[in-house]
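A structural walkthrough
Listed below are the residues making up each chain.
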Amino acid sequence: MTLTDDPRGTAALLVDSRGRYLLHLRDANKRICDPGTWSIPGGDREGAESSREAVERELLEETGLVVPLEEFTVVDSRGPDGVKGRIRVYLGSWDGDADSLPCPEGIMFRHFDAGTIRYLTMCPWTKEVIDLHQAQAPTLAPVPVQTRNGGRARLNVVGVHLYLEQGGKVLLGLRHPDSAFAATTHHFLAGHCEQESAVACLVREAQEEAGIDVDPADVELVHVVHVVDHPGGRPRMQLVFRAHQWTGTPQVREPDRCVSWDWWPAEALPDRIVPYTRAAIEGIRAGRTYTELGWT
């Protein structure tokens with residue numbers, strides 16, 4: 001098979017020892033393939049990548065996982081404009097905790113058994129892949145959930161945030177009303193670390209979100225917030241970097257996420273602000289470098 005014969009799309013079907021499938025809830029209200037549906041990790045080949053190289057890269061970027069994969073099937077799909085495409089699907093196994101996975105794209109990861117999948121809003125080609133796997137796979141005996149004493153390792157999501165201050169005012173963005181996170185609430189310019197350093201992420205997000213150019217040499221880490229939304233929830237390590245100088249005037253570059261950028265007096269922050277954003281600003285002004293929120 002030549003590279004030109006290889007489908008552009010790739011995806012990874014991961015099954016645990018209990019026969020459950022790792023599914024990814026895609027963003028709704030966006031111009032993407034199959035918005036608002038449950039699907040599986042994957043993405044298109046880039047450049048001269050083979051399908052295997054692409055699916056391994058996409059799986060690492062979307063889940064942080066590196067697992068052995070074998071070719072399983074090829075299915076037809078449709079893009080947001082109705083354009084037909086093809087996806088090469090690989091099969092692998094993973095027994096970890098779906099809540100521990102980072103989720104830089106979409107809403108969440110969850111494990112579901114075949115009986116539950118029929119009640120989900122499924123991406124059509126993903127449902128086709130699972131049906132095929134069910135037809136070929138032997139029936140698995142239920143495996144009891146094992147517990148152990150003591151704590152367990154959990155991956156922390158790493159968030160990166162830009163603190164800009166001029167004339168005693170701090171730059172905050174007002175999140176879009178349809179945003180999956182902090183709708184109609186003020187927040188730092190921020191993003192999740194992908195396959196990159198934290199400072200590289202900061203520089204990229206500043207340009208993508210607001211058209212601001214930041215030199216890594218002008219950046220310093222000024223506060224860390226270790227936050228969990230509720231007991232047992234996914235821990236998040238929020239890194240706040242201050243840029244001492246920058247170029248460009250903040251502008252709305254991603255209107256589906258942020259509707260405005262405004263400078264707020266540090267001593268008179270808006271009422272609707274992400275709690276850990278307020279905590280970080282208060283910590284910076286007080287000269288503290290670390291805050292914990294939500295931990296009992």
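The rules behind these values
Residues numbered from 1 in each chain as written. Predicted model: local features only at pLDDT ≥ 70, side-chain atom pairs only at ≥ 80, totals over all residues. Heavy atoms only, no water. 1 Å grid on protein atoms, 1.4 Å probe; cavity = no way out; pocket = protein on both sides within 12 Å on 5 of 7 lines; lining within 4 Å. Points joined across faces, edges and corners; volume = space filled by probe spheres on them. Nonpolar A, V, L, I, M, F, W, Y, C, P; charged D, E, K, R; others polar. Core = buried A, V, L, I, M, F, W, Y, C linked by side-chain atoms within 4.5 Å. Buried < 20%, exposed > 50% of the residue type's maximum accessible area, 1.4 Å probe, protein only. Helix = DSSP H or I, 4+ residues; strand = E, 2+ residues; numbered from the N terminus. Contact = heavy atoms within 4.5 Å. Polar contact = N/O pair within 3.5 Å; in protein donor to acceptor, adjacent residues only side chain to side chain.

**Description of empty space enclosed by the protein**
Throughout the structure, instances matching the rule amount to 1 cavity of 30 Å³ or more. A volume near 50 Å³ is recorded for the largest cavity. Forming the boundary of the largest cavity are R175, E209, E254, R257, C258 and W261. Here the residues of the lining of the largest cavity are counted per class, giving 2 nonpolar, no polar and 4 charged.

**Here we look at the nonpolar core**
Where a protein is soluble and globular, its nonpolar side chains tend to be buried together. Of all hydrophobic cores here, the largest spans 20 residues; its most connected members are L13, L23, V89 and W125. Going through the elements one at a time, β1 (9-15), β2 (21-25), β5 (70-78), β6 (84-93) and α3 (124-136) are the ones with two or more residues in this core. Those residues in contact with L23 that lie beyond four places of it in its chain are W38, S39, I40, M108, F109, R110, F112, I117, L120, M122, T126 and I130. Grouped together as the second largest cluster of nonpolar side chains are 19 residues, L164, L171, L189 and I212 included.

**Section: the side chain of R175**
Secondary-structure assignment places R175 in strand β10 (residues 169-175). Within the structure, R175 has its side chain in polar contact with the side chain of S179 (distance 2.9 Å). If we ignore the near neighbours within four places in the chain, the residues touching R175 are F181, A182, A183, T184, T185, H187, R257 and C258.

**Some thoughts on unusual backbone geometry**
The phi dihedral of D34 is positive, around 50 degrees, even though this residue is not glycine. Among the structural elements, D34 can be located in the loop between β2 and β3 (38-39). The backbone of T184 shows a phi angle near 55 degrees, a positive value even though the residue is not glycine. Mapped onto the secondary structure, T184 falls in the loop between β10 and β11 (186-187).

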